[in-house]
Every structure is written in structure tokens, then in C-alpha cells.
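Per-entry structural report
What follows is each chain in one-letter form.
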Amino acid sequence: MSKSKENLLNIGVIGMGNAGGMMANLASKHGFDAMAINASEKDLTLLDGDITKIPVGDGRGTGKSRDEAKEFFFNRINLVQDPTVVEFIEKHDAIVVASSIGGGFGSGSSLILVDVLTKMTGGEKLVIPAGVIPFDDEGYTAQNHAIEWLKELDAMEASYLLYDNNIFGNIPKQKAHERVNEQFVYDLMVMRGDTLYDTTSGGIDNRDMMTALSIPGRIVTDWIPEIEEADVINGSLVATIAKHLKEKSAHAELSDDKVIKASALIYSLDEDFDNYKPSLKKDMQEIFGAHLNDYDNLADITGDEDEIPTNSISIILTGLSAPNLRINRLVSRRDKLEADILGVKKSSSKLSSAKTGNSALQLKSKSFADGGSKSISATDFLKGYVAAKTGGKTESDK
């Protein structure tokens, strides 16, 4: 069994803002061409991969303002005509634009870039936004920004990827971000064709993958790179990957309506899994929902293979509904925060009628507050100290 040395799909990644930049940075370490665009030069300095960095605005960020992000980006919209960006777009079949949807610059500018690139390329290039939903414990602004991003996305005829930080809300935030970023890169690898092996029964080609990924709606991908027969649930490989998707994935939860337009099923499996292979197509329709197109790349490993790859199975589901239950919780969380903020009653104050307190009861401690006063030089301090001790007299007055 052999694997093609060429990528099935040439994918470029553009990270917008800090979160998107980190996603693109990790992708660059797995062989993807990547660039990062940000209004914060500080965030750009944190990227250590082989990645093109493009600052916009004054380099000091947007203060988590979507409106300011939009303004900054509109003022630099001609960057899409920069030769570096033009070459980046031309050399790829698909461009994935990654960002947080609850932040400032990425949330405000990423869908503008998606729209511009889609229209600039006349639809010849596949442009896919990839967004990350904020944690539940983030403030009102993050929740509201996410809702605004999703509303803008809903008005577009786009295929998209959507991840959810809050799935990993029980671990430290940096590790949660790393889990999301890893999932994002695994998805790109499956779409690029990293899990494909040659098969005599036909397989997925470039246009198959482009067609599947271009269907408007949500894209969900999963991959079990090392599957064992003992992992199979209820005799179904599809049920096994569905469980893996639900319990291990960083994708926002699936809608329960089972709306799906197309699927791609990819495996390289040896004889141990022969009993489970015949039911794969039926299980795909039953578990994920009846759909129009199904693309397969099914590579059966035999004992006499020169290079036997690790048993693996992966899927791509496209044209899915938005994760409405998750979005509803997002809106409810935003509305509760809004009610809490606006509903706070100002406490009444008795300050005007209060008498001066007893100075003997005042706590005396060193102050560490920085009031913004200018520091005094040692020379000036000593001059003042001596003057205070001598009643303002100097040596010459004596």
C-alpha cells in the first residue's frame, strides 16, 4: 500500500488576531503555509513558526473592540493586493481564515477577509472561516462579539468550521487553547489528505474534496489515528468515531437534527476490522443522517503489504446545521450578563452625614499605590531633608 507524496488539497491558513495567529502558527509547524494578520505587534512577536506576519493599524491592538478592528482592517484592506498575499492566495486551493469569535481584531475582521477573498477570486478558491467560541466565564463583551460574528456568518453562503473553548472549561485555559488548536490542525491534515492511502476500489480526488468542503454549512471532521478492534462500539466503526467526536473533539456540539449534505469516509484498516466494514455506509446514513453525496477512500490492508500504515479512520461531514443548542446557550449567557449588569442597584451612601473618624483608629501602613507623581532625585530629596531639619537655613545663613 502506498501514499501519494503530493497533497490532495493545498491549504493555506490565515490567522486573524491572537487566537487565529496561534492556530496558524501551529499549522505552520505541520507543513501548512501560514500567515498572521494582527493589530497587535506584541501578539505577532509570540509566533515562532515559519509564518508571514502582517501588522495593521498602529500595532497597539484594538482593546477588544470589533468596531475598531473593522476600521483598522478597512483602512488596510488593500493589503490583499500586496504581492505576498496575492501569491499566497494563488498557490492554494483553499484558504482557511482562523480567529476567535469573541475577541476584538479577529472577531471583527476575519469575516471581512473571507468575503473579500471570496469575491476577489470569483469563487475559484475555497475560503473557509474557522471560529472559536469563547468560554462561558468570559465577560459580556466576549459573548456579544461571538453572537455578532455568528449573525454575520449566518448571512453568508459559506462553509465553516466552529470550535468551542468551553468544552475544555475544566482545565487551565492555556491547555484548553492548545487542545482547540490541535483539533484545528488535525482537521486540516484530514482535509489535506494526510489520512488517504491508495486503493484499487477508487478513492477521493482533489475535486471530490473541494466539492464536499464547498457545500454551504458547517464542516465537522474527526480522526482516530490509531484504532484497535477493542475500541469498536456495538460492532460499528461509525458509532465508534461518533463517540470519539462527541467526547474527545474540540468541535462545537453537533445539532441533533441530523441535517447533513455530504460526507467523506476514509480508512486504512487491516483484516481485524473486516467484520465491521460492510455496514459502514449504512451506519453513516443512520448515525449522522441521510445525505446526498458520500465520498469514500477505503484502503484495505493485507498481510503482504510492504508498508502497512497504522489502522486509522477519519470522516468529514459537510453542509451541517449550525450548533443551535450551543448558540442558544451563548445568547442566554449574554442576556443574563446584560441583565446582571443593568440590574445592579446603586447603593445609597451616608457619606454626606458621616462625621470624621477617630484618627487613633486609622491603620498606618506603607502605600504601594502609584499615583503617577514624578519621582524625585536623590539630590533634591537630600536638599529638602536638610532644609526641613534646619528650619530652612543653609550653611551660609549661619
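Please refer to the structure higher up on the page.
The residue numbers shown here count from 1 along each chain, following its written sequence. Local features in a predicted model are, by the rule used here, given only for residues with pLDDT of at least 70; side-chain atom pairs are given and counted only at 80 or more, and totals for whole chains, interfaces and linings are based on all residues. Only hydrogens and water are set aside; all other atoms, that is, all heavy atoms of the structure, feed into the side-chain values.

Two strands pair if DSSP finds at least two bridges between them. Numbering goes from the N terminus for both helices and strands, where a helix is a DSSP run of H or I of at least four residues and a strand is a run of E of at least two. The sheet built from 10 strands is open, its strands ordered S3-S2-S1-S4-S5-S6-S7-S10-S8-S9 with mixed pairing. If you trace the sheet from one side to the other, it starts and ends with strand S3 (52-55) and strand S9 (293-300), each paired once. For this sheet, the mean angle separating the axes of adjacent strands, direction not counted, is 20°. Bridge analysis of strand S7 (residues 217-224) against strand S10 (residues 312-320) gives six bridges, and the strand direction is antiparallel. Angles run from 0 to 180 degrees between N-to-C directions of axes, and those axes are lines fitted to C-alpha atoms, restricted for helices to the stretch in contact.

To continue, consider empty space enclosed by the protein. Every definition here rests on a 1 Å grid over the protein atoms only: cavities are sets of points where a 1.4 Å probe fits but cannot get out, pockets are open sets enclosed by protein on both sides within 12 Å along at least five of seven lines, and lining residues have some atom within 4 Å of a point. Grid points are joined across faces, edges and corners, and a volume is the space filled by probe spheres set on the points. Counted according to the given criterion, the structure contains one cavity of 30 Å³ or more. Here the largest cavity defines a volume of roughly 30 Å³. Gly17, Asn18, Gly21, Ala36, Asn38, Asp43, Leu44 and Leu47 are the residues that line the largest cavity. At the level of elements, helix H1 (17-28), strand S2 (33-38) and helix H2 (41-45) are the ones that each hand at least two residues to the lining of the largest cavity. Per-element tally for the lining of the largest cavity: the top contributor is H1, with three residues. Three residue categories are used. Nonpolar comprises Ala, Val, Leu, Ile, Met, Phe, Trp, Tyr, Cys and Pro, charged comprises Asp, Glu, Lys and Arg, and polar comprises the others, including Gly. Class assignment of the residues belonging to the lining of the largest cavity gives a composition of three nonpolar, four polar and one charged.

We now examine helix H4 (residues 83-90). Each residue gets one of three labels from its accessible area relative to the maximum for its type: buried under 20%, exposed over 50%, partly exposed in between, using a 1.4 Å probe on protein chains only. For H4, the complete set of buried residues consists of Val85, Phe88 and Ile89. Projected onto a plane normal to the axis of H4, the buried residues spread over an arc of 95° and lie on a single side. Among the exposed residues of H4, those pointing more than 90 degrees away from its buried face are Pro83, Glu87 and Glu90. Whether two residues are in contact is decided by their heavy atoms: any pair within 4.5 Å suffices. Here the buried face of H4 lies against strand S1 (11-16), S2, S3, strand S4 (94-100) and helix H5 (105-120). Two N or O atoms form a polar contact when they lie within 3.5 Å of each other; inside protein one atom must be a possible hydrogen donor and the other a possible acceptor, and for residues adjacent in sequence the pair counts only when both atoms belong to side chains. A side-chain oxygen of the first residue of H4 lies 2.8 Å from the backbone nitrogen of threonine 84; this N-cap is aspartate 82. Summarising the geometry, the arc corresponds to the directions from the helix axis toward the C-beta atoms.

In this section: the packing of helix H3 (residues 66-75) against H5. At a minimum axis separation of 7 Å, H3 and H5 run at an interaxial angle of 45°. Here H5 runs oblique to H3, going by the angle between their axes. Considering the relative orientation of H3 and H5, their crossing is right-handed. Contacts between H3 and H5 involve Arg66, Ala69, Lys70, Phe73 and Phe74 from the first element and Phe105, Ser107, Gly108, Ser109, Ile112 and Leu113 from the second. The labels follow the angle: roughly parallel below 35 degrees, roughly antiparallel above 145, roughly perpendicular from 65 to 115, and oblique for the rest. By the definition used in this description, the sense in which the near helix is turned from the far one sets the handedness, with an anticlockwise turn below a right angle giving left-handed and a clockwise turn giving right-handed.

Our focus in this paragraph is the packing of aromatic side chains. For any two aromatic rings, the description comes down to two numbers: the centre-to-centre distance and the angle of the planes. Only centres within 6.5 Å qualify two rings of Phe, Tyr or Trp (six-membered ring in Trp) as a pair; their planes then separate them into stacked at under 30 degrees, edge-to-face at over 60, and tilted for everything else. In the structure shown here, the tally under the stated rule is four aromatic pairs. With a centroid separation of 6.3 Å and an interplanar angle of 75°, the aromatic rings of phenylalanine 73 and phenylalanine 105 are classed as edge-to-face. Separated by 32 residues along the polypeptide, phenylalanine 73 in helix H3 and phenylalanine 105 in helix H5 bring together distant segments of the chain. Taking the relative accessible area as the measure of exposure, phenylalanine 73 reaches 0% and is therefore buried. Two conditions define a charge sitting above a ring: the NZ of Lys or the CZ of Arg must be within 6 Å of the ring centre, and it must be within 35 degrees of the ring normal. The ring centre of phenylalanine 135 lies 4.5 Å from the NZ or CZ of lysine 173, which sits over that ring. One Lys or Arg, arginine 192, reaches over the ring of phenylalanine 32 and ends 3.9 Å from the middle of that ring.

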